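Structure assessment
The residues making up each chain are set out below.
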Amino acid sequence: MKRRYIKGFLAGLSLVVIVICGSLVTSPVLYSAENTSSTAYHTDPTIITRSQDTDAGAVVPAMGDLIESTGTIVLNIKNKDFKAAQDDLENYIAASRSFNNLVVNLDLTESEIGEFMDVNGENIESLSTLLEESERFDDLSTLEVVYRDEGNPEALYSVTYEGEALRMKMQEAYQRYAAQQSSLLNVSSHYGLSTASYNQSVETFAAVVGETDTAQESRMDAIPKNDVFPLTLGIEPTTATFGDQILITGTLYHSPEREVGIYIDSRLWKTAFTDLNGRYAAYYPVTAIGTGKHLIYAAQGSRYSDVIEFTILPAPATLTLTATTGDYGNGDNVLCTGTLSSLGRPVANAPVEIVPDYGAWIQAVTDEQGRYSCTGQMNTGIREVRAVVSGEVLPLAYTASSPVVLEIQHAWVAFASLAMKAVAILFFALGLDFVIRSIRERRSKRRATPLSRREIPVLRQPFPPSLEMPGMLTPAEVTRRYALHLGNGEYGEAVRTLYLSIADRIGRRAEIRNYAAWTPREILGAASGTKGATHLATFVGRYELSHYGTAETTHGQAEALLRCYSRVAEFMGGGQD
Amino acid sequence: MVRIKFIRLASAAIVVLAISALFLHLSTTDDEFSRHNVGWNGTAVFAGKVEDAGGVMLADTAALPDYRDAILLLIAPEGEIPDSEIGYYRAFLEHNNTLFIADESGASNKLLREIGSEIRVVPGNISGFDSGYADASLPNGYPEGGHPLLEGIEVITFNHPAQVMGGEALVSSGLFTWYDLDGSGRMEAGEPSGRFVFISREQSGGGEVIVCADPSTLINAMLGRGVPGDGVTFADNLLSYRNVVIMEGVHSATATTGSIGKSLEYLKASPPLQASIMVVCLLLAGIAWRKKYV
C-alpha cells in the first residue's frame, strides 16, 4: 500500500515536471550566470560583452563638423556658386546620415543629441529648399531678360508668377531655418561647440531671401497690367484644412466662353470656362496638398490675375497600425495594416511610413477607404514599430500610431521551435505508447497463459483403485489455514495454501497424482476449456507474480489472491467439488 | 585485510573531503561586498591584498586615534556611524592620516558632514557611453590632476556608480554620461547629462578625505583579469599610498559574514580562545596516545 502511494506520488511529480517543462519547451528559462550576476549595486562584468570600439567619442566632433558645414553652403548660394553649394550640401547630407546612424546605434535618439539630430534634419530641408529655389530663381532672372528682349509677354508673366511662388517658399524655408537656431545653440553650448559658422549662415540665409524679395518685387512692378479687360481672381476661404473646399471665382471681362487656367503653386491645376458674363468658378478640394502657404493665380492667354496666397492648416489625424510577423515571401517577415482618417473621414492616397525603432522604414499608400497594407523585412529582435504620416504632402498634422511591439525571430528559430514541439509530441507519444504497453503487459501477466504438460505416461495415469487420495480440504479449511498464515505474517505461505488447494481440485478432476510437481501454468493447461478458466488464469497470473517475483509477498497481494481464489472456487463448485 | 583497510581509508578520505567542502561552503558567504565572499560580488580579493600588504582589519573604531601615516578604507559603509564614534574619525584625521570612503548609497554623508568635509555622495545611477563594455552602467572614469593615487592610471571602469559633489575632482566621467533616472539604460530627455565626478578629495580636519562614489570598483569581479582599465592599479595605489593600511570592519559591508565565518572571525580576534582550543587539542591527542601505547 505504502509503495503504491510512493509510486503515485512519483508519477504525479513526474507529470508536474513534464507539464512545467512542456510549457517552457519553446522558450526555456534555465539557470545561467546572467540570472544571478546582477544586483542593485553592480553587475558581474564577466557576463557583459566588451565593446569593440567607443563610437561615443566621435559624436561631439561630428556635431561640430555638421554645424560648421552650414556656413559655406549658404555663402555659396549667396554668391550664386550653385555647383559648389550643391557639393557642400551633398557632403553635409552624407555626414548627417552617418551621424544619424551613430546616434541610433548609441541609442541616443531620445537625448539632447537626438534633438540635435532632428534640428539638423530640419536644417537640411531648409538648405535644400534654399538651394533649389535660389537656383531656379536665378534661371528665371535669365529667362526674364530673354523674354523681355523677345517681347514675349505671356512667358514673362509666367516667369514672374513662378518667381513669386519661389520667393514664398524661400521665405518659409528661412523661417524654419531660423526657428531651429535657439535649440541648436542650446545643445551646442552644452557640448562646448563653436556656432560662429552656423550663426553666420542664418544671417546669410536672411540676406539671400531679402535679395530675392527685392528682385521679385521689381519684377512684379514691371508687369504691364491689362486694365481695360482685366482677369480677376478671388478665393474663399483663404485658410482651409483637410476636407474643406476652397471656392475659386473670377471674371474675364468681355470674354464669354473662354478657357481660364487656374495655377496653384505655379502648376496648372484645372481649366474653367467663363460664362456669358465672363465669370468662372471652381472648387478646390483640400485633400492632396501639403500644409503651409500656397499661391494661386489664373491666366488666359496674355491676361493674368493677381497672385493670391492661401494657407493650409494641419488637420488632426487618426492612424492605426496592426502588425504581425510571419513569412510573407521575398524575405518579408512583417505584415502591417491599418487605417488613416481625419476629422471622421478616411484619407485616400496618403503615403504612410512604417518606422521600426532602428530607423529604416517601409512605405504604404492608403486606398479610397483610408486603409493601407504592406509587407516588409525588419531586423530580428524585439522591435517597436509605429506608422507615421507627415504634413509634407497632405493637409494633416504629423501623426504617429500607437507603437506595436513585435518579436521578430530568425527563420531558424521558428523552425527550431517547430522541431522542438514535434520532438515534445514524439516523446509524449512514445511515453503514452510505453504506458499503454505496460498496462497491457501487466494485464496479460495477470492472466497466465496455459501450458501443455509434456506427457510422461508413467506419471500421468489414473489412480489405482487401491490407493485412496487424501481428503480434499474444504474451502473453509483452506480459509482457516490461510488466515493462520496471514496472522503469522507468512504471506507467501498463505498464498501457497490457496494455490495448492486449487491445484488439488484440478489434479483430482484431471487425475493428476503428482500435481504438486506441475508448474502453475501446466495446471492451468490441464484445466483449460473448463468453466471459470478465465478466473483461473487471473489467479495463476497473480500467484506467479507473488510466488516467483523478486519482492516478498505483501499482505495486499495475499488479500487480492484470496478474492481470486473465492471466484475460482465458486466456479469449481465451491465445497461440492 | 588489505582490501578492508583500503576501503576504510578511502571512506575516511571521502568523509574528510565532504566535511571540508561543507565547512568551506558554510564559512563563505554571498553577502554583497563581504570580504569573506569569494564570489564575483565580494571583496575577498581586495581583503587578501590588504592582508598581503600587512594591513589590519579594524574591529574597534576606538583604536583609530593611535594610527599615524595610515589610510583607513571605509568600503560600502552601512548605516549611520554613531555620534559616539565620530570623534575617533576626527582624531584619526587630525594625525594627518587619510580617510578613503567608497560609498554609493550616501550612508557616509553624516560622517563626512561631522568631520567637516564638503564632499557628499549623491546616490543614483550614473551611466555612460564611454565604457569598455556594451553596457552603459559600467562607465569609464578619467583622472583629473596629478594625485599620487592616480599614478599609472589612464582609465578606471566603474560599476553602477553614483556621483560625488564637492571637493577637488580626481576622477570624472566622459562627456556622454547621464543620470539614468528611470534606469532604462538610455539617455533620454530630462535626464541630466554631461560630466560627473566619481572620485573627489579634500584636506579636512588636518588629514585628507577621499571619496569614491562606487565601492564596486573593489569587488572581486572588477579586480579580475580581463576588466578593461586600471582598476587593479588603483587598488594597489590605495595599499601603497600610506605606510599603514586599515580596512574598516565595523560599519562596512565588507565585514558581513555567515555564522561560521563570524565564529572564525571571533576566534582570530581572541588569542585566549585560540590558546584554549590549542590546549584542548593537545589534551585529546595525549589521551589518544596514552590509550594506544600505554
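Each chain has its residues counted from 1, following the order in which its sequence is written. A letter from A marks each chain and a number from 1 marks each ligand, given out in the order of writing. Where local features are concerned, this predicted model is filtered to residues with pLDDT of at least 70; where side-chain atom pairs are given and counted, the filter is 80 or more; whole-chain, interface and lining totals use all residues.

With that settled, the discussion passes to the overall build of chain B. Elements are defined by DSSP. Helices are runs of H or I of four residues or more, strands are runs of E of two residues or more, and each kind is numbered from the N terminus. The secondary structure content of chain B amounts to 7 helices and 14 strands. With 294 residues in all, chain B has 43% of them scored as buried. By sequence separation, contacts in chain B at least 24 residues apart represent 74% of the contacts at least 6 residues apart. Counting other C-beta atoms within 10 Å of a residue's own tells you its class, since 20 or more makes it buried, 12 or fewer makes it exposed, and anything in between is partly exposed; those C-beta atoms are placed from the backbone. Contacts here follow a simple rule: the backbone-placed C-beta atoms of the two residues must lie within 7 Å.

Looking now at the overall build of chain A. On a plain count of helices and strands, chain A comes out with 14 helices and 19 strands. A buried classification covers 31% of the 577 residues belonging to chain A. For chain A, long-range pairs separated by at least 24 residues make up 65% of all intrachain contacts whose partners lie at least 6 apart in sequence.

Attention now goes to unusual backbone geometry. Going from A:Glu236 to A:Pro237, the amide bond is cis rather than trans, its omega being 0°. With respect to the secondary-structure elements, A:Pro237 resides in the loop between β1 (234-236) and β2 (239-240). Look at A:His254: it is not a glycine, yet its phi comes out positive at around 55°. Mapped onto the secondary structure, A:His254 falls in the loop between β3 (245-251) and β4 (259-264). Positive phi values are uncommon outside glycine, yet B:Ala76 reaches one of about 50°. Residue position: B:Ala76 is located in the loop between β2 (70-75) and α3 (83-94).

Residues and elements named next belong to chain B. Two strands are counted as paired when DSSP detects at least two bridges linking them. With respect to topology, 9 strands assemble into an open sheet ordered β1-β14-β2-β3-β13-β12-β9-β6-β7, the strand pairing being mixed. Of all strands in the sheet, those with a lone pairing partner are β1 (56-58) and β7 (156-157), marking the two edges. Bridge count between β1 and strand β14 (residues 244-248): 3 bridges; the pairing is parallel. By the bridge assignment, leucine 58 is partnered in β14 with glutamate 248. Axis lines are fitted to C-alpha atoms, over the contacting stretch for helices. Their N-to-C directions set the angle, which ranges from 0 to 180 degrees. Against the sheet, α3 makes contact with β2, β3 (98-102), β12 (197-204) and β13 (207-212), and its axis sits at roughly 125° relative to β3, the strand it touches most.

All names here are of chain B. Judged by how many residues are buried, β3 sits mostly within the fold: 5 of 5 residues are covered. Residue alternation in β3 divides its side chains into two sets, Thr98, Phe100 and Ala102 and Leu99 and Ile101, and both sets are buried. Note: β2 against β3, 5 bridges, orientation parallel. When the sheet's bridge partners are listed, leucine 73 is paired in β3 with phenylalanine 100.

The subject of this paragraph is the interface of chain A and chain B. Taken together, the contact between chain A and chain B spans 23 residues of the former and 28 residues of the latter. Looking at the side of chain A that touches chain B element by element, the count peaks at 3 residues for helix α3 (residues 56-78) of chain A.

On to the pairing of β4(A). Taken together, the 6 bridges between β4(A) and strand β5 (residues 267-273) of chain A define a ladder with antiparallel strand orientation. The partner of A:Ile264 across the bridge, within β5(A), is A:Arg267.

With that out of the way, let us pick up the environment of A:Met220. Residues and elements named next belong to chain A. Relative to the helices and strands, methionine 220 is located in helix α8 (residues 196-221). Since 15 C-beta atoms lie within 10 Å of it, methionine 220 is described here as partly exposed. In sequence terms methionine 220 and tyrosine 161 are 59 residues apart; their C-alpha atoms lie 8.2 Å from each other. Aside from chain neighbours lying at most four places away, what touches methionine 220 is Thr160 and Glu164.

Residues and elements named next belong to chain A. Taken N-terminus to C-terminus, the directions of helix α11 (residues 491-510) and helix α13 (residues 533-548) make an angle of 145°; their axes are 10 Å apart at the nearest point. Relative to α13, the crossing made by α11 is left-handed. Note on element contacts: α13 touches α11 through Phe539, Tyr543, Ser546 and His547, opposite Gly492, Val495, Arg496, Tyr499 and Ile502. In terms of residue class, the contact of α11 with α13 is built from 5 nonpolar, 3 polar and 1 charged. In this scheme the handedness of a crossing depends on how the near helix is turned from the far one: anticlockwise by less than a right angle means left-handed, clockwise means right-handed. Just so you know the grouping, Ala, Val, Leu, Ile, Met, Phe, Trp, Tyr, Cys and Pro go in nonpolar, Asp, Glu, Lys and Arg go in charged, and all remaining residues, Gly too, go in polar.

We now examine α13(A). Along its 16 residues, α13(A) runs 21 Å from first to last C-alpha, staying within 8% of the 22 Å computed at 1.5 Å per residue. Turning to α13(A), its buried residues number three or more, namely A:Leu536, A:Ala537, A:Phe539, A:Val540, A:Gly541, A:Arg542, A:Tyr543 and A:Ser546. A helix is expected to span 1.5 Å for every residue after the first.

Moving on, we come to the environment of A:Gly250. Residues and elements named next belong to chain A. Here glycine 250 shows up in strand β3. A count of 25 C-beta atoms within 10 Å places glycine 250 in the buried class. Measuring from C-alpha to C-alpha, the distance between glycine 250 and arginine 279 comes to 5.7 Å, with 29 residues separating the pair along the chain. Ignoring anything within four residues of it in the chain, the contact list for glycine 250 reads Leu231, Thr232, Leu233, Gly234, Tyr280, Ala298 and Ser305.

What follows deals with the confidence of the model for chain B. In predicted models, pLDDT denotes the confidence assigned by the predictor to each residue on a 0 to 100 scale. With 93% of its residues at a pLDDT of 70 or more, chain B shows a mean pLDDT of 87. Model confidence for the complex: the whole-complex pTM is 0.49, and ipTM, which rates the interface, is 0.77.

A few words now on the sheet that holds strand β5 (residues 126-128) of chain B. All names here are of chain B. Taking strand neighbours across the sheet as the criterion, the 3 strands line up as β5-β10-β11 in an open arrangement whose pairing is antiparallel. Edge strands, defined here as strands with exactly one partner in the open sheet, are β5 and β11 (193-194). As judged from the 3 bridges shared by β5 and strand β10 (residues 177-179), these two strands associate in the antiparallel manner. Bridge assignment links serine 127 to a residue of β10, and that residue is tryptophan 178.

Here we take up helix α10 (residues 475-487) of chain A. The terminal C-alpha atoms of α10(A) lie 18 Å apart, and with 13 residues this matches the ideal 18 Å at 1.5 Å per residue to within 8%. A positive phi of about 80° marks A:Gly489, the residue just after α10(A).

The next point concerns the packing of helix α6 (residues 153-179) of chain A against α8(A). All names here are of chain A. Closest axis-to-axis distance for the α6/α8 pair is 10 Å, and the angle between their directions is 160°. In terms of their interaxial angle, α6 and α8 are classed as roughly antiparallel. Handedness of the crossing formed by α6 with α8: left-handed. Judged by residue contacts, Thr160, Gly163, Glu164, Arg167, Met170, Gln171, Tyr174, Tyr177 and Ala178 of α6 engage Val202, Phe205, Ala206, Val209, Thr212, Asp213, Gln216, Arg219 and Met220 from α8. A per-class count over the contact of α6 with α8 returns 9 nonpolar, 5 polar and 4 charged. Any angle that falls under 35 degrees is termed roughly parallel, while one over 145 is termed roughly antiparallel, one within 65 to 115 roughly perpendicular, and all others oblique.

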